[in-house]
Amino acid sequence: MAHAIDLRRLRLRPGEVRREILDLEAERFLLGGQRYETAGASLRAELDLTRASGALVLDLRLETEVSGPCMRCLGAAAVDVSVRARELHDPRGAAGDPLRSEYVLDEMLDVAAWARDAVALALPEPILCRPECAGLCAVCGRDLNVEPHEHAIVEADPRWAALERLRGEL
């Protein structure tokens, strides 16, 4: 695992909290077939681990910037992301139990995988270069932010006339 914490070594008593400050390796990820990456080579994350009734409450916090292509015009886009994630891990739970974190395997918490997933979930939908991005022209593919334009209405191919009549009836 890229960055993992051995939960067995913590030996937390009920109600006890331990805070860890971690520098995680920044990972690139694919979103909608496009590559996005976080700013810098590492992410600074705060992790609070609390023992509660035999289970562990895991709280993750981090701030980063994610950059990649704009989802409308494919130009460069960057968004600030604030992550606040919580997991509960009860080691007595069976695999697949909602009280058992999927980021813990053999009592090793995979913080890097959790952080990557939490960043992806915190991203805005859609990722834009700016809120008023006009996107690409559906006819010619030109960037409408750089070259706003419209196309004249083109006469439909006569072979589609029967379907056009059906659309009018429906």
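A. Seen up close, a nonpolar patch on the surface. There is a patch of nonpolar side chains on the surface, built from Trp 160, Leu 163 and Leu 166 and spanning about 330 Å² of accessible area. Its place among the elements puts Leu 166 in helix α2 (residues 161-169). Overall, the relative accessible area of 44% leaves Leu 166 in the partly exposed class.

B. Main features of the environment of Leu 144. Inspection of the secondary structure puts Leu 144 in the loop between α1 (111-122) and α2. Along the sequence, Leu 144 and Ala 134 sit 10 residues apart, while their C-alpha atoms lie 5.5 Å from each other. Excluding residues within four positions of it along the chain, Leu 144 makes contact with Ala 134, Gly 135, Leu 136, Cys 137 and His 149.

C. View of the pairing of strand β4 (residues 34-38). Judged from the 3 bridges that link them, strand β3 (residues 29-31) and β4 form a sheet pairing that is antiparallel. The residue bridging Phe 29 from the neighbouring strand is Tyr 36, located in β4. Hairpin geometry of β3 and β4 is characterised by an intervening segment of 2 residues between the two adjacent antiparallel strands and by a positive phi of about 60° at Gly 32. Here β4 pairs with strand β6 (residues 55-69) via 2 bridges, running antiparallel. Pairing of Thr 38 across the sheet is with Val 66, part of β6.

D. Representation of empty space enclosed by the protein in the model. Across all of its chains, the model carries 1 cavity of 30 Å³ or more by this definition. Reported here for the largest cavity is a volume of approximately 60 Å³. Lining the largest cavity, in full, are Glu 25, Ala 26, Glu 27, Phe 29, Thr 38, Leu 43, Ala 112, Ala 115, Arg 116 and Val 119. In terms of residue class, the lining of the largest cavity is built from 6 nonpolar, 1 polar and 3 charged.

Reading guide: rules and limits
- Residues numbered from 1 in each chain as written.
- Predicted model: local features only at pLDDT ≥ 70, side-chain atom pairs only at ≥ 80, totals over all residues.
- Heavy atoms only, no water.
- Patch = residues over 30% accessible without salt bridge, like charges linked within 9 Å, V, L, I, M, F, W, Y side chains within 5 Å.
- Areas by Shrake-Rupley, 256 points an atom, 1.4 Å probe, with all protein chains shown as cover.
- Salt bridge = Lys/Arg side-chain N within 4 Å of Asp/Glu carboxyl O.
- Helix = DSSP H or I, 4+ residues; strand = E, 2+ residues; numbered from the N terminus.
- Buried < 20%, exposed > 50% of the residue type's maximum accessible area, 1.4 Å probe, protein only.
- Contact = heavy atoms within 4.5 Å.
- Pairing = 2+ DSSP bridges.
- 1 Å grid on protein atoms, 1.4 Å probe; cavity = no way out; pocket = protein on both sides within 12 Å on 5 of 7 lines; lining within 4 Å.
- Points joined across faces, edges and corners; volume = space filled by probe spheres on them.
- Nonpolar A, V, L, I, M, F, W, Y, C, P; charged D, E, K, R; others polar.

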